[in-house]
Amino acid sequence: MKRTLTVCPYCGTGCMFYLVSDNGRLIGVEASSTHPVSRGGLCVKGWNAFAFVHHPDRLTTPLIRKNGTLQAATWDEALELVVERLAQVQQRHGRDALMFASSAKATNEENYLLMKLARAVFQTNNIDHCARLCHSSTVTGLAETFGSGAMTNAISCIDETDVIFVIGSNTTEQHPLIGSRIMNAVRSGTRLLVADNRRIRLARHADLHLRHRNGSDVPLLCGMMQVIIAEGLADREFIATRTENYEALAESVAPWTPERSAAETGLEAADIIAAARLYAGAKRAMIFYSMGITQHSHGVDNVRCIASLAMLTGNIGRPGTGVNPLRGQNNVQGGCDMGALPDLYSGYQKVSEPLHRQRFAAAWGVPALPDTPGLPLTRAMDAASDGKLFAMFIMGENPLLSDPDQHHARKALENLELLVVQDIFLTETAALAHIVLPAACYAEKEGTFTNTERRVQRVRKAVEPPGEARSDQDIICAIAQRAGYDGMTYADASEVMDEIATLTPHYGGISYERLDPHGIPWPCPTPDHPGTPILHQQRFTRGQGHFSPVSHRLPQEQPDADYPLVLTTGRTYFHWHTGTMTRRTHLLDREEPGSFLELHPDDATRLSIRHRERLLVISRRGSIQTEARVTSMVIPGVVFMPFHFAEGAANRLTNNVLDPESSIPEFKVCAVRLEKLP
Amino acid sequence: MKSLTPLQLEHFLAHLAERYELRVPILLPDGTRTIGSPDDGPLALLGGAVPGKPTAAFFPQQETIFTAIHGRLSQAPPPPKPLFILGFTATDLECLRFIDRFFADGIRDDLYFRLRQGAVVAGISGYCGAKGTLLPPAAGNCDLELFLAGDTWLVIPYSGTGTELAKELPNAATPEEAELFKCSIPTVPDGGETLLQAASALLCADRVPDSFWEELGERCIACTGCNLACPTCTCFGVQDWRSSTGVERSRTWDSCQLDGFMREASGHNPLGSEALRSRRRIHHKLAADPRKWGEISCFRCGRCDAACPTGIGMMAVAADLVARFG
Ligand code: SF4
Ligand code: SF4
C-alpha cells in the first residue's frame, strides 16, 4: 500500500491528492487535508482520477503504419523513422514545413523540452499547444493591458472579497473547487453577479443574473463602464496614478448608454445599471472569466474590456480583487509559461528579440535560432489543409475532436505527409497517424504542473507505465539524441526544471526541493523568493496599466432564415475535453454516456421536439445526430452542445473563423438548424 | 489492562509486523494523516480520526472481483498475512460494526471478508484527539483499544485475539490509570448524537418540506466526496474491462449523489434531481436505516462535513434541519 502526493490531471484548479496504490496498481484517491485549494475535498473527476490509468486500451508499444494499418514496432524502429521522416520533410519543403503541437496536459518540463526540440533541434518556431483554443485571447489581451496574461490573484482571495463577477465561466462545473468556494463566499455575505445566458448553478445563487445574447459581451461591459464613469463610480486616483490612455477609453465607452447596451445585449437597461453599481460599489471586487469570453472572433476585445473594467474601479493589485481568467487544463498555464507558443520562449520572451534568441541559443549550444514567429496551431491546421504544411508532431492532443470544423481538421490531418502522435490512448487523431508513440500518463512520471493561480506543483510517479510506454520527457530527449543533438540529456525531470529556472525569469527561484509540499506561485525570481500570490501590486508588469478601447464586432456567423438558432459549445462536468480519459472512467461515463443538445422548452414546442428525442443538428459545415435535452438552462433561440463525444461531435458544426489577433476559433457562436429524424 | 511507553508501543508494533500486515496512523508528506503502512510515513497517533474513510482498509475504492484471461477465471487470493489495523476511533468502530453487519447480511460479501476475516482491529482513544483533546473510549467493537493517558498508552483487550496479544506485554496498568480510562467512557449521548436523533425524528415524522431539499440540491455540486469519505457508505458499481485476452471485472465506490446511481435503462430516474438525491443521502442514514437495521447509520465522524466543498455534510444539514423545523 503506497500513497503518492500528486496533482489532479483534469482542470486548472490544481487540487493535489494522494494516489493510493497496492502492488503497483492504483486502487483509489485520497484527498489532501492540508492543500490550500482542495482543502480536504475534490470534485468527482479528481476522486476518480485513478480509474482510467490501467485501462486495457492504453497504448503499450510504438505503432507504425504499414500497408495502411498501424502495426506494433520497436522503439528503435519508431524513433529512427520519426527522425528520418521529419528530416526528409524539412529537406523537401523547408524548415517550417513541420509543426509541433505540445500539450497542456503534459508537464512543464515536457512542454519546455518539446519547444526546445522544435527550436534548437529542428530550427522552427512552429510550436503551439491547445491554449490557442482556450486562452490565447487572454494571453494577448492581458499582455497588452497589464503585461502578463495570467490570473492576477490567488484563489484564496475569494474568501476576502465583497463582490464576485463571473462572466462566461460555468465555474461549479468546470473549476468545481473554485466554484464551490464562490458559493461559500456568497453564503457568508459576498455579493455575486453572473453574466452568462445559461442558467448555470452559480446563477441560482447570484444577486443578479444577466442572460445577455451570445457574443454581446463588449456591449455589456462597455455599458457597465459607461454607467460607472457617468455616475462618478470610477476610481480616479487609481486611474491617475496607475494607468494610461484613460481618455481614449472614456471616449470609446461614452456612446454605450444603458439603453444602447440593452438593445445590443437583449437585457434591461436597469439591469446593466444595477450590475455596474454592484461591481463598482464594492471595496474589493473580483472578476472570473473563462471560455465564454475568450472563444470568440473578438475574444481579445472581450478580454480588453474586462481589463478596463477592473482598472476603471481600481480592482487590481490588492487582496480580494483582480482579473482572474480561469485556465482550463491542468497545465495550460504552464504550457504557456514554458513557451510552447509560436512567438515566445519560456517566460514570454519574444523570439523576435535578438537578445532573447542569443541567450537561448547560447544556453542550448546551437549557433542560431529562427527569428520569425511560427504558426499558431489553428493557422497550422489551415496551412495543412491548403497543402502548405507537411508534417505534424502532436503530443497529447486530439485536434480531430477538439478543433473547430471537423471536416476541415480531418482534411488537414489527412493531407500531411507525416503525422506523428504521442499519446496514452489511440485517440481519433492518433488513428490517422503514420507513427504513434505510447506515452506515460500523469500517474506514471515526475514533473510539475502550474495551476490557474500560477502555483507550480509537483507531479509524482505512483506506478509504472504500461508495457513499453515511456514518459514524454524520455521520448522527446530520445528523438533529440537521434537527430544528432546532445544538449538534451537529463538525469531526471528536476534537472530540466533547473535549466528552465536559468532561462525563465519568473521561474528563476523554482527547484524541486522548494516545491514541497504544495508548490509556489510564480513570479518566483530567486531561490529565496517566497512566490507571488497577487500580481501588479505596486506597478503593473508592463509599468502602467493600459486602457485599450475596443469597437463592437458581432460574431461572424449570425442566425438567419436557413440556420435560425445559435449553437454554443462547451463541456460537461463529468467529462474532460475529447473524453479520452473520462469516457474510460466507468462512473463518469455512466453519468454522461453520450452526445446531447440543450434546447429551450419554447423552441422545443415550436419545433415539436420532445425531451430525449433523437434529432439532426445542421450547420453550414456539417450535420450530426444527437439527443434533445429540453431545459431552461438555455435561453430561447440558443442551443448548447458539449464537444466530448466522437459520435455526435459538436465540432463537426462549429465555425473555423479565428480572432485576427489571437487566432482563437469562435467555438461559442455558430448558426444551426434542427431537424427531426425521419 | 496493560500499559506501554511510546517506545514500548513502537516495539510492540514492530513485533506485530512479523505476524500481521500492519496498518497504523501515519503522517504523509504534506501533513495529511492516514491509516497506512508504517513504511510509508512516520507514526502519527496524535490528532484524532484520520480524514480518509477508515473502512477503506477492508473495502477499497476499487478492487478486482475476478479476471478471466483466455477463459481462465481467477480471483485475488487472501492476503498472505492478516491485517492488524490501528487507528479507528470509537465512532469509526461503530461505523465498522455497522458495515460488518451490512456486508454479512444475506449473501455474505466475500470480497469484503477476504480482508476483514482474521483482521485484528485496534481502536485509539484518550488524550490524543486534535490538540490533545479527549477521544472517548470505544469500550468494545474492536479486538483491543489503545488509550493515551499522559505519556502512557493503556492497552485494553476485548476479543480473544486482543487478550492474547495483550498478554505478551510486561507492564500492567496502575489502578489510577484504569480508573482514568473508566471515567472517560461516555455515559450519556453527546450533543451530536442528540442532534441526529432530533433530525431523524423530524424526517421520520415527515416534517421537512420539499423546499428544504431543493435549497440543498442547489448547493450540491455532485463531487461525491460525502459518500467517498463516509465509513458507512457501502455502495459500489461493477464494471468490466474487456481486452483481446479476456475480461477484468472490478468494483468501485459509487455515490447516491450522482444522476446515474438510480437512473433506469429507460432513462426514467426516480432520483432525477439534486434535491431528491440530497434528500436520499440524509434520509437513508437517518430514516431508512433505522427502520431496516434498528439504528441510525451515521456515527457522527464528521468526514462528510470535512470533505464537502459547499458545507452540506451530514452534521451541517442535521443542524440546519433541527434549527428550522425542530
Ligand atoms: S476541481 Fe479540478 S483540479 Fe480539483 S479535483 Fe476537480 S478536476 Fe481536479
Ligand atoms: S458524519 Fe458523514 S461521513 Fe461520518 S458517518 Fe455520518 S454521514 Fe458518514
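Residues numbered from 1 in each chain as written. Chains lettered and ligands numbered in written order. Predicted model: local features only at pLDDT ≥ 70, side-chain atom pairs only at ≥ 80, totals over all residues. Heavy atoms only, no water.

## Comments concerning the overall build of chain B
- Secondary structure summary: chain B contains 11 helices and 11 strands in total.
- Whereas a compact globule of 326 residues would reach a radius of gyration of roughly 20 Å, chain B reaches 21 Å, a difference of no more than 12%.
- Viewed in the frame of its principal axes, chain B has a C-alpha envelope of about 65 × 60 × 40 Å.
- Contacts in chain B between residues far apart in sequence, at least 24 positions, make up 64% of those at least 6 positions apart.
- On chain B, roughly 13900 Å² of surface is accessible, and the fraction owed to carbon and sulfur atoms is 57%.
- Each charge class in chain B can be summarised by its mean position, and for the 31 positive and 38 negative side chains these summaries are 4 Å apart. (Helix = DSSP H or I, 4+ residues; strand = E, 2+ residues; numbered from the N terminus. Rg over C-alpha atoms; globule rule 2.2 N^0.38 Å. Contact = heavy atoms within 4.5 Å. Areas by Shrake-Rupley, 256 points an atom, 1.4 Å probe, with all protein chains shown as cover. Lys, Arg positive; Asp, Glu negative; His and termini not counted. Charge placed at Lys NZ, Arg CZ, Asp CG, Glu CD.)

## Details of the site of ligand 2
- Around ligand 2, the neighbouring residues are B:Cys230, B:Pro231, B:Lys285, B:Cys298, B:Phe299, B:Arg300, B:Cys301, B:Gly302, B:Arg303, B:Cys304 and B:Met314.
- Residue classes in the shell around ligand 2 are distributed as 7 nonpolar, 1 polar and 3 charged. (Near = heavy atom within 4 Å. Nonpolar A, V, L, I, M, F, W, Y, C, P; charged D, E, K, R; others polar.)

## Digging into the confidence of the model for chain B
- Per-residue pLDDT for chain B has a mean of 95; in total, 100% of the residues score no lower than 70.
- Here the predicted complex scores 0.96 on pTM and 0.97 on ipTM. (pLDDT = per-residue confidence, 0-100.)

## Here we look at the domain arrangement of chain B
Residue and element names in this part refer to chain B.
- Assigned domains within chain B: domain 1 (2–52 + 65–183) and domain 2 (191–325).
- Across the contact, 24 residues belong to domain 1 and 21 residues belong to domain 2.
- Roughly 2000 Å² of surface becomes buried between domain 1 and domain 2 when both sides are summed, with 60% attributable to carbon and sulfur atoms.
- Looking only at domain 1, the three residues that lose the most surface to domain 2 are Ile-65, Cys-95 and Phe-98, adding up to 28% of its buried area.
- Between Asp-109 and Arg-251 there is a salt bridge, and its shortest N-O distance comes to 2.8 Å.
- On inspection of domain 1 and its partner domain 2, the count reaches 11 residue pairs in polar contact (both at pLDDT 80 or more).
- The element contributing the most residues to the side of domain 1 that touches domain 2 is helix α2 (residues 90–104), with 10 residues.
- Across the side of domain 1 that touches domain 2, the residue classes tally to 14 nonpolar, 4 polar and 6 charged. (Domains from an automatic or database assignment. Buried area = accessible area lost by both parts, 1.4 Å probe. Salt bridge = Lys/Arg side-chain N within 4 Å of Asp/Glu carboxyl O. Polar contact = N/O pair within 3.5 Å; in protein donor to acceptor, adjacent residues only side chain to side chain.)

## Thoughts on the pairing of strand β6 (residues 98–101) of chain A
Residues and elements named next belong to chain A.
- A two-sided burial pattern is seen for β6, the buried positions comprising Leu-98 and Phe-100 on one face and Met-99 and Ala-101 on the other.
- Relative to strand β16 (residues 391–395), β6 runs parallel, the two being bridged by 4 bridges. Its bridge partner being in β16, Leu-98 is matched across the sheet by Ala-391.
- Note: β6 against strand β7 (residues 127–128), 2 bridges, orientation parallel. Pairing of Ala-101 across the sheet is with Asp-128, part of β7.
- Running through helix α3 (residues 108–121), the crossover from β6 to the neighbouring parallel element β7 is right-handed. (Buried < 20%, exposed > 50% of the residue type's maximum accessible area, 1.4 Å probe, protein only. Pairing = 2+ DSSP bridges. Right-handed = clockwise from strand over helix to strand, strands pointing away.)

## Notes on the packing of helix α8 (residues 217–230) of chain A against helix α10 (residues 246–253) of chain A
Residue and element names in this part refer to chain A.
- Running from amino to carboxyl end, α8 crosses α10 at an angle of 110°, the nearest separation of the two axes being 9 Å. The angle between α8 and α10 falls in the class roughly perpendicular. On α10, the residues that touch Cys-222, Met-225, Gln-226 and Ile-229 of α8 are Tyr-246, Leu-249, Ala-250 and Val-253.
- Counted by class, the contact of α8 with α10 contains 7 nonpolar, 1 polar and no charged residues. (Axes fitted to C-alpha atoms, helices over the stretch in contact; angles between N-to-C directions. Parallel < 35°, antiparallel > 145°, perpendicular 65-115°, else oblique.)

## Concerning the interface of chain B and chain A
- With 48 residues of chain B at the interface, the matching set in chain A holds 51 residues.
- In this assembly, chain B and chain A are joined by 4 salt bridges.
- The partner of B:Glu248 in a salt bridge is A:Arg25, and the shortest N-O contact between them spans 2.6 Å.
- At the boundary of chain B with chain A, the tally comes to 27 residue pairs in polar contact (both at pLDDT 80 or more).

## Quick look at the pattern of salt bridges
- Under the counting rule described, the total for this entry stands at 59 salt bridges over all chains.
- Put simply, A:Glu144, A:Asp301, A:Arg304, A:Arg553 and A:Glu661 are held in one network by salt bridges that share partners.

## What to know about helix α9 (residues 274–293) of chain B
All names here are of chain B.
- Of all the bends in α9, the largest measures some 55° and sits at His-284.
- When we look at burial in α9, the residues that qualify are Ala-275, Arg-277, Ser-278, Arg-280, Arg-281, Ile-282, His-283, Lys-285, Leu-286, Ala-287, Asp-289 and Trp-293.
- Tucked into the core, α9 has its buried residues touching α2, α6 (191–204), α7 (210–219), α8 (225–229) and α11 (314–325).
- Just downstream of α9 lies Gly-294, where phi reads positive at about 80°. (Bend = angle between axes of the 7 residues up to and from the residue.)

## What to know about the site of ligand 1
- In the vicinity of ligand 1, the contacting residues are A:Cys8, A:Tyr10, A:Cys11, A:Thr13, A:Gly14, A:Cys15, A:Leu42, A:Cys43, A:Lys45, A:Gly46, A:Pro176 and A:Leu177.
- A breakdown of the residues in the shell around ligand 1 according to their chemical character gives 8 nonpolar, 3 polar and 1 charged.

## So, the sheet that holds strand β9 (residues 191–195) of chain A
Residues and elements named next belong to chain A.
- As summarised here, the arrangement of the 5 strands in space is β10-β9-β8-β12-β13, forming an open sheet in which the pairing is parallel. Of all strands in the sheet, those with a lone pairing partner are β10 (208–210) and β13 (322–325), marking the two edges. Between one strand and the next, the sheet's axes are offset by a mean angle of 15°, whatever the strand orientation.
- Of the pairings in the sheet, the one linking strand β8 (residues 163–167) to strand β12 (residues 285–289) comprises 5 bridges and is parallel in character. Bridge pairing in β12 links Ile-167 to Tyr-289.

## Let's talk about the environment of A:Asp128
All names here are of chain A.
- You can see Asp-128 is positioned in strand β7.
- Accessibility expressed as a relative area gives 0% for Asp-128, which makes it buried.
- Taking the C-alpha atoms as reference points, Asp-128 and Glu-173, separated by 45 residues in sequence, lie 27 Å from one another.
- Among residues more than four places away in sequence, those in contact with Asp-128 are Met-99, Phe-100, Ala-101, Ser-102, Ala-340, Leu-341, Pro-342, Leu-375, Pro-376 and Leu-377.
- Polar side-chain contacts of Asp-128 include one of 2.7 Å to the backbone nitrogen of Leu-377.

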